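Architecture at a glance
So you can see what is in the structure, the chains are spelled out below.
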Amino acid sequence: MIGLSSRPSTKRNLTAVILCLTAAALMVVLLSLPLFHFQSVLFSKKSGNTFVGDERYIAASAEVTEAAAKYQAHQALGEVSITENVTERVNSKGETTSLVTFQVVLSSSRNGWQIMASSLPFGGILRCAMLLLVGALVLMGVSLSGGMLNESLRALPKWRKSLRGISCWMVLLSLALIPITAMNTIRVFEREIIFRLSTPEAAGLTELLRSADLFLYGGTAGEGVGDMLSGLTYSSTFALWAMIPVLFLILASMVTLCKGELKSTLASGALYLFVIALCVITLYPYYVMVITAFRENSEATDMYFTHMFPTKWIWSNLADITKRGVLGYLMNSLLLAGGATLIALVCGIPAAYAMARMRFAGKKGFLGFVIMSQMFAPVVLLVGISRLMNTLHLNDSLFGLMMVNAAFNQAFAIWLLRGTFVSISSEMEQAACIDGCNTVGALIHVLLPMSAPGIVTTLIFVFINAWNEYTISTVLISTPAKNPITVGITQFSSFNMIEWQYLFASSLLATIPVIIMFLFIEKHLVSGLTSGGVKG
Amino acid sequence: MNNILVRHKWEPYLWLLPSIVLMTVFVVFPIAIVFQLSFSEISRSGLVGSFIGFRNFSDAIGDPSFGTVMMNTLYWVVSVVGLSTLLGFITAMVLNKKFVGRKIARSIVVFPWATSLVIQASVWNYIIKYEYGNLNNVLLNLGIIKDAVNWRASYQIEFMWECGIGIFVTIPFVTFCVLAGLQSIDAAYYEAATVDGAGFWKKLRHVTIPLVKPSLTVSTVLNIIYVFNSFPIIYTITKGAPANKTDTLVTYLYMLAFYDQKKGPATALSVIGFVILCIVAGVYMMITMRKEDEL
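If you're wondering where the values come from, they're calculated on a predicted model, not measured in any experiment. (Residues numbered from 1 in each chain as written. Chains lettered and ligands numbered in written order. Predicted model: local features only at pLDDT ≥ 70, side-chain atom pairs only at ≥ 80, totals over all residues. Heavy atoms only, no water.)

Moving on to the side chain of S253 of chain A. On the secondary structure map, S253 of chain A appears in helix α8 (residues 238-259). Here S253 of chain A is in contact with A16, L19 and C20 of chain A, once residues within four sequence places are set aside. (Helix = DSSP H or I, 4+ residues; strand = E, 2+ residues; numbered from the N terminus. Contact = heavy atoms within 4.5 Å.)

Before going further, it helps to spend a moment on the interface of chain A and chain B. Note: interface size is frequently given as the accessible area lost on complex formation between the parts. If you look at the interface, chain A gives 120 residues, while chain B gives 114 residues. Summing both partners gives a buried area of about 10,400 Å² for chain A against chain B, and 75% of it is carried by carbon and sulfur. Linking chain A to chain B there are zero salt bridges. Taken together, the links from chain A to chain B amount to 18 residue pairs in polar contact (both at pLDDT 80 or more). (Buried area = accessible area lost by both parts, 1.4 Å probe. Salt bridge = Lys/Arg side-chain N within 4 Å of Asp/Glu carboxyl O. Polar contact = N/O pair within 3.5 Å; in protein donor to acceptor, adjacent residues only side chain to side chain.)

What follows deals with the pattern of salt bridges. Tallied over the full model, the rule gives seven salt bridges over all chains. Its salt-bridge partner being D396 of chain A, residue K482 of chain A comes within 4.0 Å of it at the nearest N-O pair. On the criterion of sequence distance, the pair formed by K482 of chain A in the loop between α19 (471-476) and α20 (485-488) and D396 of chain A in the loop between α14 (382-391) and α15 (398-422) is long-range, its members being 86 residues apart. Among the residues examined, D396 of chain A registers a relative accessible area of 15% and is labelled buried. Among the salt bridges present, the one from R152 of chain B reaches E158 of chain B, with a minimum N-O distance of 2.9 Å. Of the two residues examined, R152 of chain B and E158 of chain B, each falls in the buried class. (Buried < 20%, exposed > 50% of the residue type's maximum accessible area, 1.4 Å probe, protein only.)

Turning next to the side chain of N111 of chain A. Residue and element names in this part refer to chain A. When you line up the elements, N111 lands in strand β3 (residues 96-111). Residue classification places N111 among the buried positions, given a relative accessible area of 18%. For N111, the residues in contact, after removing those within four places along its chain, are L31, S32, L33, P34 and L35.

What follows deals with the sheet that holds strand β4 (residues 233-236) of chain A. Residues and elements named next belong to chain A. Here we have four strands laid out as an open sheet, ordered β2-β3-β1-β4, and antiparallel in their pairing. Strand pairing shows two members of the sheet lacking a second neighbour, β2 (79-90) and β4, which therefore form its edges. Ignoring strand direction, the axes of neighbouring strands in this sheet form an average angle of 20°. The pairing of strand β1 (residues 34-50) with β4 spans four bridges and is classified as antiparallel. Within the sheet, the bridge partner assigned to H37 lies in β4 and is S235. (Pairing = 2+ DSSP bridges. Axes fitted to C-alpha atoms, helices over the stretch in contact; angles between N-to-C directions.)

With that out of the way, let us pick up the confidence of the model for chain A. Residue and element names in this part refer to chain A. Overall, the prediction assigns chain A a mean pLDDT of 84, with 96% of residues at 70 or greater. Mean pLDDT across the elements of chain A ranges from a minimum in helix α16 (residues 427-434), with 76, to a maximum in helix α9 (residues 263-293), with 93. The low-confidence segment residues 1-6 (pLDDT under 50) makes zero contacts with residues lying over four places distant or belonging to another chain. Between residues 532-536, whose pLDDT stays under 50, and residues either more than four places distant or in other chains, the model counts 15 contacts. (pLDDT = per-residue confidence, 0-100.)

Formed by 191 residues in total, the largest nonpolar core has its most connected members in L381 of chain A together with F26, W76 and L269 of chain B. Top contributing element to this core by residue count: helix α12 (residues 326-357) of chain A, with 17 residues. Once residues within four sequence positions are removed from consideration, W76 of chain B is found in contact with V81, F159, E162, C163, G166, V227, S230, I233, I234 and T248 of chain B. Listed in part, the 72 residues of the second largest apolar core include C20, A60, Y71 and L175 of chain A. (Core = buried A, V, L, I, M, F, W, Y, C linked by side-chain atoms within 4.5 Å.)

The following block contains the structure:
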C-alpha cells in the first residue's frame, strides 16, 4: 500500500529537484549575461569656423583622441568610441564653414555579478534577492538530505517540512525583488542622481555619485561625474526579465516538494494576488486624500514630484478649514441627512408595514408606483424640482432639500423595510392583537423591536444617500452658508486655482463618518438586498 | 398566512397615505411640471409663456451637440454598466471564497460605495493631473516610469478616465448584489455538481450563473438607471468641455438649464431622458412583477 502510493510521489519529487537545479543553473547563466546597457558622453568638443581637414580640425581631433585614449586604457569600462558631427553653415563673410562636434561616447553593459558588486542601492537589492535564492536552495537541500527525497510528506519530520516551507517563502520574496531592482535603477538614475544634482546640498549625494562613478566609469570620472551622468541613457535587457519566469520555475518546484502538489497552491496564490490588487486600487484614492490633506499647497502642487509622503504633516490645515465654514457645512449635512432619514422612515415604516402584512386592492399598483419612483434620480427632473420649490417657497431651505431627499429615498426604504418585515413571522403580532392590542400597538411594541437590525440598515442607508447627495443641493441652495458639505467643498476649487489640501481635508472629514457607518451595515446590507431586492 | 387582521377596509390606505403624499408632491409633481414646461415657451428670465408644441424638442434635437451627447451617454452607460457588472461579478466570486482576511477585504471593497461621488471625482481629478498629479508622483518615485506622463492628453482620453472612475465607484454595488445572490445558493448544488464531475467552468455555467441571475438582473437594471443619471464625475472632471464633447445627457441638460438659461430645450431633454428611463423601468418592472407572481 505504502509502496504503491509513494512511487509516483518519488518520481514527482525527483522531477521537481531536477527542474529546480536546472533553473538554478539557468539563473547563474542569466546573471552572467548583460542585464543593463548604458550609454553616456564622456567628453565633448566643439570646433567652429573650420573645414574638415584643416589645422583647427586636426588639433581638435587630436585632443579628442587623447581624451578617448585615457578611457580606452580601462578595458573594463566598455566600448569607447568617437563620434563626429559636421554641420555646414555660412558665416557673416559669406564663406561656408563647418561646425564640428566631437563626442567620446561610452557604451557599456553590466552583468548581474558586476551589479551585485556595486554599492548602488539596486546592487544591494539584487544581492539580497540572490542571497535569498541561495539560502532557499541550501535549506531545501538540507531538508532533502539523508535520503528524504523518497519519504512521503506525512512521514516527514516537522522541521524538514518547515524548512521547505521557509525556502518557498524565500524564493517568493526573491522573485518580488527582481522588478523592484529594475524600478530602483530608474529611481536612482532619474530621481536620486539627475534630479538632485540641481540641489547640490542634498544629503548623501556625493556618496551616491562616487558609487555610480565606480560602477559605470571605474572611478575615472572624479569631479566630472555629474555631467557624465546627466547625459546617461540606459535600458534593461531581456536577461533581467527572464529571471522572473526562471525564479517562478524554482518556486513551483519548491512548492511541489513542500506541498506534494502545485495546482491548489498556485490557485490560492492567484486569489491572494487578486485580493491584494483589489484592495490596493480601492484604497489608492483614500491614500491620496489623506496625504494631500496634510500637505502644504506648494507640496501638493509640486511639479517635480519630489516626495511621496508629506515632508511635514500640516495639521493646521484642519484649523484653516474650520475658519472657512466647514464645520457649518458639516452641521448642515448632519441636519439634512438626519431630517431626510427621519421623514423617510416616518412615511416608509407604515407603508412597508401595510405592504408586508395587509391585503388590499391596489397593492400591486402601489408597488409599481414605488418601483417607478425608484427609477428617477432627481437629476433628470432638476428643472421641475427647482420650479416646484419656488412655488412652495421652499427654495434655498434645508427643509425643502430634506423633503426631496426623503421622497427619492422612499422607494429604497420601503423596499428594504418590507423585506425585513416579511422575513419576520406575524404570529407574535397576531397574538398581541388577540390580547387586545390594535395594529398600531402591534407594530410599535412587537414588530419594530424585532426588526431593529433591518431598520438600522435602512436608516443608515438613507442617511448616507442624503449625506452624499450633491446635485439637487447645488441647484436648490443659493446661500453659501446653507450648503451641505458636498457642495461646501467646491468653494476650495475656484476657476483658476484649487486649494487641494483644504479640499481634501474637508473631504476627509465628510468621508470618515460615512465609511464607519457603512461598515456597520455592510453585513446586513447583503441580507437586506437579498430579502428586499432579490426575493421580491 | 402572514397577514394580520384589518378592521376597516380603508385602513391599509391610511397606512400608505404619508408615503403616497410625499412621493406625489416631490416626485410626481416635478414630472408633471417638466412635461408642461417642455411644451411651453420659457423666457430667459424663467417666465412660462404659451403652448408652442414641439418647438423645444426640435430646438434641443437640432442642436449640433445633441448627437455627440447622446452617443456619449450610450458609451458611458454601456461601458460603465457592462464592465462594472463583469468586474463586480468576478470580485464577488473571489470574496465569496474563504481566505484569511476576507472580512477586511469585504470592508475595503465597500469604501467607494460609501463615499460621495463629488469627493471621489475630486480625488481622481487630482490624481490624473499632468503637472503635479499623484499618479505621476507615485509612478515616478517608485521608478515605474522615467518621465511624467500626460494622463489627460485629449478629451477622448479624459472621457475614458471618467468611464473608468464610473466603473470604479459602481463595482461595489454589483459586488454586493451578486454576493447576496451567491450566499443564498445552497452548497448542496455544488456538491452534486462535484459528484457529477463538473469542473470550475461547468459549475459556473450551470449552477452559479443561473442562480445569481435574478440578483444580477436587478443590479444591472438599477445600475443602468444610476449610471444614466450620474452627474458629479463628469461635472467635476471636465464639465463637458471642450464644447460638450464629453457631456452626457444629464450634464448637458444641467448646463443648458442653469448656465445657458435655455430652460425650454433643457426640459425637452428631461422628457427625452424620462422616456428612455421609462422604457428601462418598464422592462425592470415586468421582470420584478413576474417574480412577484411566482411567490
